[in-house]
Amino acid sequence: MKIIPVFTSIALCCTMETLAENPDAKYLNFPVYSGSDLELTVDDNGTHWRLWSPEAEAAKVSVYSYGLNTPAVRTIDMVRSDGGTWLASLPEKLYGMFYTFSIRHNGKWLKETPGVWAKAVGTNGERAAVINMSDTDPEGWESDKGPALKHINDAVIYEMHHRDFSIDPSSGIVNKGKFLALTEPGTTNPTGEATGIDHLKELGVTHVHILPSYDYNSVDEANLQSGQYNWGYDPLNYNVPDGSYSTNPSEPSTRIREMKEMVKSLHDNGIGVIMDVVYNHTADNDDSNFSLTAPGYYYRHRPDGSYSDASGCGNETASDRQQMRDFIINSVKYWAKEYHIDGFRFDLMAIHDIETMNLVAEALREINPSIFIYGEGWTAGDSPLPVEKRALKENVARMPRIAVFSDDIRDAIKGHYSDAADRGFATGKPGLEETVKIGIVAATDHPQVDYSKGNNSKFPYAAAPTQIINYVSCHDDLMLTDKLRKSMPEATDAERQRAARLAQTIVFTSQGTPFMFAGEEVFRDKKGVHNSYKSPDSINAIDWNLKHVNAGQTDYYKELIRLRKGHPAFRMTTAEQVARHLKFDKTLPGLISYSLIDNANGDEWKEIKLVFNGSGKPQEVRIPRGEWKVIAEDGRIKADGLGSSKGGKIIVPAISALILAKEK
């Protein structure tokens, strides 16, 4: 336990002039408490609460019999303690009861709050709950483990929203839209193709990235029959699962047990779980749990005292302040230990400072060496945090155990995310070849890549390919199918699927870690909605009938994933390896050709030749004479080979990939 003493007069450390220039200056000298007993502890001596609230003039705990709409059965005054905390205790073990905190600040009692460290809550997260966490463990939980990975780029990541994945009647899943949807084996669509967890196994992905699953603000858990929808990027209680994904939101243990059952089911099937975390902002400003316990402290402010807003959601948190930094670190540690989470995706990670993110990575690796972290290396607006301290993609080389999304490969392959009609390399737009190459080498320094011609990045910002997440589509903006329909209005869906195959072939064979959005493999769409964060199921749900209609597309994804997983040449781990073993041929408009040579990264294949024709016409390439195995050609792929070739002059059809392998 580390306790930093209370300063007797915070005001003495900050002049009035400093406060006028920087309203956050006073918080730099707040006491910090890093003990493990914040919020709630139950032991043989009873129930104990500790609340961090340095500026509170008084604090109290209210105890309730129910999670909503009932009067307190008891109210206990808290006493001031070390490190800016307040204490209260009762001699009973209050399992089954609920509680809230409230503080007096500037002469006024603030609204009740479950605190920032609630680990169990009732309906809508308004009251924290006292439960025995060991009672929430599924059978066999003690031995539960996710897949062991040596490097992040051994992963194949599948981003999914709980409701999207299972809510449609065609899913054949009983627990639609729930954590338990991923515990049901043997589910199928009406024509008999696998759905649910069997589909994930069949596809071959190694990890599911679940959109926010902590307790968020926007869905009324008391009215779930109304079919409300939200992605969940509006945090309420960070350390407890959201009740809308449980079968009984009013019973605090249910959501916890069912999320653990989901994790164990995925682990039992060889699939890891990545949690999308949003520590960069809260759903509310003055009424957030942070503000109701330590007003002002957890957020950055503008010189006029208003909330700074790098999140674009009304506020931004201050990771560079010790108590907030400790909160983030201890929160991810809690999820990793209590829920066996295998990885974390940080929303708008650049709002956080580099030091905090490195400490997060260090703390998690001590728990599980296979845990990995990646995030969005940008903000949605400006921040008081200096640019050189931000966890930006341009600064990722200073975060050796963290990866960032490559907007370079995303925008170059399919067209710019902000312009629906804009085409990319895979849809016939010339001039993007060098930016695609930046993606292929995972933004590392390569002698054959001219970064001055890059559209998004002008220098090699990654120190290693393990620091890059490659993708063309995710929950944000137009997903791939909709982007192709907007940018290729004259094309047929068959032609668009061909472009999607080329796009994903580039992603899955590039250095770095591949990431895909759920349902792309069945050519799912979202009816052209680019920001479907609260759209109804009619927009967001995956229609699993499409797996039958677009069976060829699904099979292509399966083989592409099998190819990547089977060949370490696509998963090099150092920039030096990439520079030595990846050799580009002469780049032409609409054509990129390169080889992975000399049994790259210990691969059984001596050489792999990859040719991407993004133009709307066939192009001729010269392949060295020899015995080649054809892996992909003309919109088809087979990891074990489609046939053989002697090399020489080969015509690569429009919008397609050619992959050849030489075994010796």
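For the structure, see preceding data.
For clarity, every value in this text was computed on a predicted model and none was experimentally measured.

1. Observations regarding the packing of aromatic side chains
Geometrically, a pair of aromatic rings is defined through the distance of the ring centres and the angle of the planes.
Here's step 1: Summed over the entire model, instances satisfying the criterion amount to 38 aromatic pairs.
Here's step 2: Taken together, a centroid distance of 5.9 Å and an interplanar angle of 85 degrees make the contact between tyrosine 27 and tyrosine 297 edge-to-face. With tyrosine 27 in the loop between helix 1 (16-21) and strand 1 (39-43) and tyrosine 297 in the loop between helix 5 (289-293) and helix 6 (322-338), the pair connects residues that are 270 residues apart, well separated along the chain. For the pair shown, tyrosine 27 and tyrosine 297 are each scored as buried.
Here's step 3: Judged by centre distance (5.0 Å) and plane angle (65 degrees), the rings of phenylalanine 405 and tyrosine 471 are edge-to-face. You can see phenylalanine 405 sitting in strand 17 (residues 402-405) and its partner tyrosine 471 sitting in the loop between strand 18 (468-470) and helix 10 (480-487), a full 66 residues away along the chain. There is no split in this pair, since phenylalanine 405 and tyrosine 471 are both buried.

2. Quick word on helix 10
Here's step 1: Within helix 10, six of the eight residues are buried, leaving the element largely enclosed by the surrounding structure.
Here's step 2: All of the buried residues in helix 10 are Leu480, Thr481, Asp482, Lys483, Leu484 and Ser487.
Here's step 3: Those residues of helix 10 that are buried lie in contact with helix 8 (407-414), helix 11 (493-509) and helix 14 (551-566).

3. Points about the environment of proline 465
Here's step 1: Following the sequence through the fold, proline 465 ends up in the loop between helix 9 (433-440) and strand 18.
Here's step 2: Among the residues examined, proline 465 registers a relative accessible area of 0% and is labelled buried.
Here's step 3: The spatial distance from the C-alpha of proline 465 to the C-alpha of asparagine 153 is 8.0 Å, given a sequence separation of 312 residues.

4. Description of the pairing of strand 6 (residues 85-90)
Here's step 1: Bridge count for strand 2 (residues 46-52) against strand 6 is six bridges, and the pairing is antiparallel. Counted as the bridge partner of tryptophan 49 is alanine 88 from strand 6.
Here's step 2: When strand 5 (residues 79-80) meets strand 6, the two strands line up antiparallel, connected through two bridges. Counted as the bridge partner of valine 79 is leucine 87 from strand 6.
Here's step 3: Adjacent in sequence and paired antiparallel, strand 5 and strand 6 are bridged by four residues, among which glycine 83 carries a positive phi angle near 60 degrees.

5. Side note on the pattern of salt bridges
Here's step 1: Scanning the entire structure with this criterion turns up 43 salt bridges.
Here's step 2: Aspartate 382 serves as the salt-bridge partner of arginine 390, at 2.9 Å between the closest nitrogen and oxygen.
Here's step 3: On the basis of relative accessible area, arginine 390 is assigned to the buried category, the value being 7%.

6. Notes on the sheet that holds strand 10 (residues 157-160)
Here's step 1: The parallel closed barrel is built from eight strands, whose spatial order is 10-11-14-15-16-17-18-19. If you compare each strand with its neighbour and ignore which way they point, the axes differ by 30 degrees on average.
Here's step 2: In this sheet, strand 15 (residues 343-346) lies alongside strand 14 (residues 272-277) in parallel orientation, the contact comprising four bridges. Bridge assignment links methionine 275 to a residue of strand 15, and that residue is phenylalanine 344.

7. Here's the deal with the nonpolar core
Here's step 1: Membership of the largest hydrophobic core comes to 141 residues, with the highest contact counts inside it found for Tyr158, Phe344, Phe346, Leu596 and Phe612.
Here's step 2: Of the residues forming this core, the biggest block, eight residues, is contributed by helix 6.
Here's step 3: Not counting the four nearest positions on each side in its chain, phenylalanine 612 is found in contact with Phe425, Ile440, Leu502, Thr505, Ile506, Thr509, Gly590, Leu591, Ile592, Tyr594, Ser656 and Ala657.
Here's step 4: Core analysis: the second largest hydrophobic core is formed by 20 residues, Ala59, Val63, Trp86 and Val130 among them.

8. Overview of the sheet that holds strand 5
Working definition: the strands of a sheet are paired by backbone hydrogen bonds and lie parallel or antiparallel to each other.
Here's step 1: One open sheet holds the four strands; their spatial order is 1-2-6-5, and the pairing between them is antiparallel. In this open sheet, the two edge strands, each paired with only one partner strand, are strand 1 and strand 5.

9. Observations concerning unusual backbone geometry
Here's step 1: At histidine 340, a residue that is not glycine, the phi angle is positive and equals roughly 60 degrees.
Here's step 2: In this fold, histidine 340 is placed in the loop between helix 6 and strand 15.
Here's step 3: In the Ramachandran plot, alanine 443 falls in the positive-phi region, its phi being about 55 degrees despite a non-glycine side chain.
Here's step 4: By secondary structure assignment, the location of alanine 443 is in the loop between helix 9 and strand 18.
Here's step 5: By relative accessible area, alanine 443 is classed as buried at 2%.

10. A few points about helix 3 (residues 196-203)
Here's step 1: Where helix 3 is concerned, the buried positions are Gly196, Ile197, His199, Leu200 and Leu203. Viewed along the axis of helix 3, the buried residues span an arc of 155 degrees, placing them on a single side of the element.
Here's step 2: Once helix 3 ends, the next one or two residues include glycine 204, with phi positive near 100 degrees.

The rules we used
Residues numbered from 1 in each chain as written. Predicted model: local features only at pLDDT ≥ 70, side-chain atom pairs only at ≥ 80, totals over all residues. Heavy atoms only, no water. Phe/Tyr/Trp six-rings, centres within 6.5 Å; stacked < 30°, edge-to-face > 60°. Helix = DSSP H or I, 4+ residues; strand = E, 2+ residues; numbered from the N terminus. Buried < 20%, exposed > 50% of the residue type's maximum accessible area, 1.4 Å probe, protein only. Contact = heavy atoms within 4.5 Å. Pairing = 2+ DSSP bridges. Salt bridge = Lys/Arg side-chain N within 4 Å of Asp/Glu carboxyl O. Axes fitted to C-alpha atoms, helices over the stretch in contact; angles between N-to-C directions. Core = buried A, V, L, I, M, F, W, Y, C linked by side-chain atoms within 4.5 Å. Arc of directions from axis to C-beta.

Keep in mind these values describe shape, not function.
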